[in-house]
Amino acid sequence: MPSTWDSIRDQFPILAQQVNGHPLVYLDNAATTQKPLSVTRALDRFYALDNANVHRGLHALSMRSTDAYEGARSRVRAFINAEAPEEIIFTRGTTESINLVAASWGSANLRKGDVILLTEMEHHSNLVPWQLIAQRTGAIVRYVPVTGDEGLLDLASLDSLLTPQVKVLAFTHVSNTLGTINPAAELCARARKLGIVTVVDAAQSIGHMPVDVRAIGCDFLAFSGHKMASVTGIGVLYGRRALLDAMPPWQGGGGMISSVDFEGSRWKPSPERFEAGTPNFADAVALGVSCDFLDGLGRDKIQHHDGALAKEAYDRLSELPGIRILGPRGERGGLVSFAFDGVHAHDVVTFADEDGVALRGGHHCNQPLMKKLGLTSTVRASFYVYNVRSEIDALVASMARTLKFFA
Amino acid sequence: MSADLSDLYQNVILDHNRRPRNRGKLPTANRSAHGDNPSCGDQCDVFLRLDGDRIAEITFDGSGCAISQASASLMTTQLKGKTTTEAEKLYKEFHEIVTSGKEPEEISDLAAFAGVHAFPARIKCATLSWHAALNAIKGDAAQATTESHKD
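Given the structure is predicted, the values throughout are model-derived calculations rather than measurements. (Residues numbered from 1 in each chain as written. Chains lettered and ligands numbered in written order. Predicted model: local features only at pLDDT ≥ 70, side-chain atom pairs only at ≥ 80, totals over all residues.)

## Digging into the sheet that holds strand β15 (residues 323-325) of chain A
Adjacent strands of a sheet form backbone hydrogen bonds with each other and so pair up, either parallel or antiparallel.
Residue and element names in this part refer to chain A.
Part 1 of the reasoning: Across the sheet, four strands lie side by side as β15-β16-β19-β18; this open sheet has antiparallel pairing. Looking at strand neighbours, the two that pair on one side only are β15 and β18 (360-362), the edges of this open sheet. If you compare each strand with its neighbour and ignore which way they point, the axes differ by 30° on average.
Part 2 of the reasoning: Note: strand β16 (residues 335-340) against strand β19 (residues 378-382), four bridges, orientation antiparallel. Bridge assignment links F338 to a residue of β19, and that residue is V379.
Part 3 of the reasoning: Set on the sheet, helix α11 (residues 345-354) makes contact with β16, β18 and β19; between it and β18 the angle comes to about 165°. (Pairing = 2+ DSSP bridges. Helix = DSSP H or I, 4+ residues; strand = E, 2+ residues; numbered from the N terminus. Axes fitted to C-alpha atoms, helices over the stretch in contact; angles between N-to-C directions. Contact = placed C-beta atoms within 7 Å.)

## Observations regarding the pairing of strand β3 (residues 54-63) of chain B
Moving residue by residue along a regular strand, the side chains alternate between the two faces of the sheet.
Residue and element names in this part refer to chain B.
Part 1 of the reasoning: Pairing of strand β2 (residues 42-51) with β3, which is carried by nine bridges, proceeds in the antiparallel orientation. Directly across from C44, in β3, lies its bridge partner G62.
Part 2 of the reasoning: A loop of two residues connects β2 with β3, the two strands running antiparallel in sequence, and G52 in this loop sits at a positive phi of about 65°.

## What to know about the interface of chain B and chain A
Part 1 of the reasoning: On the chain A side, the residues contacting the ten residues of chain B number eleven residues.
Part 2 of the reasoning: Its residues placed into classes, the side of chain B that touches chain A shows six nonpolar, four polar and no charged. (Nonpolar A, V, L, I, M, F, W, Y, C, P; charged D, E, K, R; others polar.)

## Observations concerning the packing of helix α3 (residues 66-79) of chain B against helix α5 (residues 123-138) of chain B
Residues and elements named next belong to chain B.
Part 1 of the reasoning: Two elements in contact, α3 and α5, have axes whose closest approach is 7 Å; the angle formed by their N-to-C orientations is 40°. Relative to α5, the element α3 is oriented oblique. Considering the relative orientation of α3 and α5, their crossing is right-handed. Contacts between α3 and α5 involve I67, S68, S71, A72, M75 and L79 from the former and C125, A126, L128, S129, W130 and A133 from the latter.
Part 2 of the reasoning: Counted by class, the contact of α3 with α5 contains nine nonpolar, three polar and no charged residues. (Parallel < 35°, antiparallel > 145°, perpendicular 65-115°, else oblique. Left-handed = near helix turned anticlockwise from the far one by under 90°.)

Put into structure tokens, the structure is as follows:
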């Protein structure tokens with residue numbers, strides 16, 4: 001049987017189009033990845049054959065739909081090696097997952113003077129929810145610094161930062177701006193020794209490398225479907241069951257109660273406790289199919305593929321005049337972000353689009369880090385399973401042309 | 001280069017981007033306002049000295065793409081010496097140019113921005129400094145943000 005890798009671009013019909021008279025070169029995968037036919041067809045099939053509201057349904061379609069939804073939960077459990085499906089809560093995405101932890105775990109566990117430890121490379125989605133709960137509880141937000149030209153976490157500062165006041169350490173697995181891969185297992189081990197709860201933002205790692213919550217040793221892990229070859233509107237919060245069972249609901253409604261009286265209500269355990277209202281079951285089914293797709297390719301192979309493209313792009317872009325490339329020179333996630341002297345990122349992106357090359361320019365929801373680096377915006381090229389080396393040629397040629405125009 | 005792109009990056013715009021006019025703080029300013037475009041991070045401060053109803057001096061400072069920087073630069077050259085009423089009228093004309101692509105009746109460098117209309121995502125870049133300037137004229141200390149405008 002031929003490997004899925006051989007015909008991988010056929011799985012993504014969106015790629016076979018011209019943009020502004022050039023073949024589309026889609027390098028905006030850190031924002032969202034494209035979806036393979038197996039995933040979109042599964043979604044079609046679900047709506048065509050099985051759709052009905054999940055849970056409590058006594059008719060055939062509802063039972064089928066419930067089975068598919070809970071089957072997806074089990075599939076995700078296996079995908080990240082969680083212990084039990086009850087540890088998998090479906091959300092709208094990474095942002096909602098982190099808001100859930102901050103609002104529910106945070107409100108029950110954070111007191112005035114407690115410290116929420118983040119890093120300077122967090123996406124706004126792993127920063128603003130913590131600022132909000134800090135305001136409500138009187139907790140303080142501190143940051144592990146990003147250090148050096150290569151944008152690594154300053155691990156030497158950890159010992160002095162991990163004070164007894166720290167209750168939670170939340171950090172990104174792979175930086176969406178620097179491409180840095182953080183040593184998640186090491187960070188979690190050091191936090192756990194001190195009884196500090198850990199939250200991993202896996203938005204940029206989940207679709208690109210093996211992610212095993214027990215190997216990482218985290219308490220919570222958040223990710224989005226649409227950045228891992230799945231559809232928008234579905235994401236996951238993994239939580240260790242002992243923690244989830246002690247957490248209060250964060251939204252109320254149908255599906256999450258065990259009984260309701262006019263005087264008050266009692267909650268179901270996880271995951272239902274955290275999934276008030278009709279869940280996004282159809283997209284959850286699609287997410288399960290994406291897990292199959294990625295495991296079919298092999299996540300270690302995906303990491304190698306994306307990392308090699310990013311490394312080659314780094315090396316080739318380095319030759320351009322006036323370029324500053326962020327992040328590590330060595331091993332990195334599948335993205336490269338960079339800035340040119342005197343040419344703004346948005347002008348670069350507009351010119352690249354003219355060549356059919358889809359890039360992202362801006363602060364990448366990373367404004368505090370940008371300020372620290374003395375930048376207002378960068379251009380980002382991010383790679384995925386369907387990208388090929390010749391697309392780096394197109395990227396570099398487009399950048400050279402843009403620089404020439406603005407010189 | 002496509003016609004759309006060469007219309008967007010006209011020589012007037014490239015020139016103002018390379019050599020911005022009236023850039024920097026204005027020590028004699030009696031009005032100022034800050035503008036930002038949260039979706040892309042562009043920033044623009046406008047400083048001006050109002051002499052009665054007339055804009056005696058005007059400068060800008062900030063960071064952003066060529067369109068936003070050139071627009072701010074060109075705006076300062078256009079607004080200097082104008083009355084506040086004339087400034088508002090000029091903004092309406094400019095807004096019409098960048099949203100419709102219609103060139104102004106009178107010959108004006110503002111016409112260079114007609115190409116922006118083909119790139120709807122860039123209209124905010126062109127109008128940011130104008131919003132800040134109008135806020136400064138009104139004495140509205142509130143930050144101008146492109147999010148509270150349609151463009």
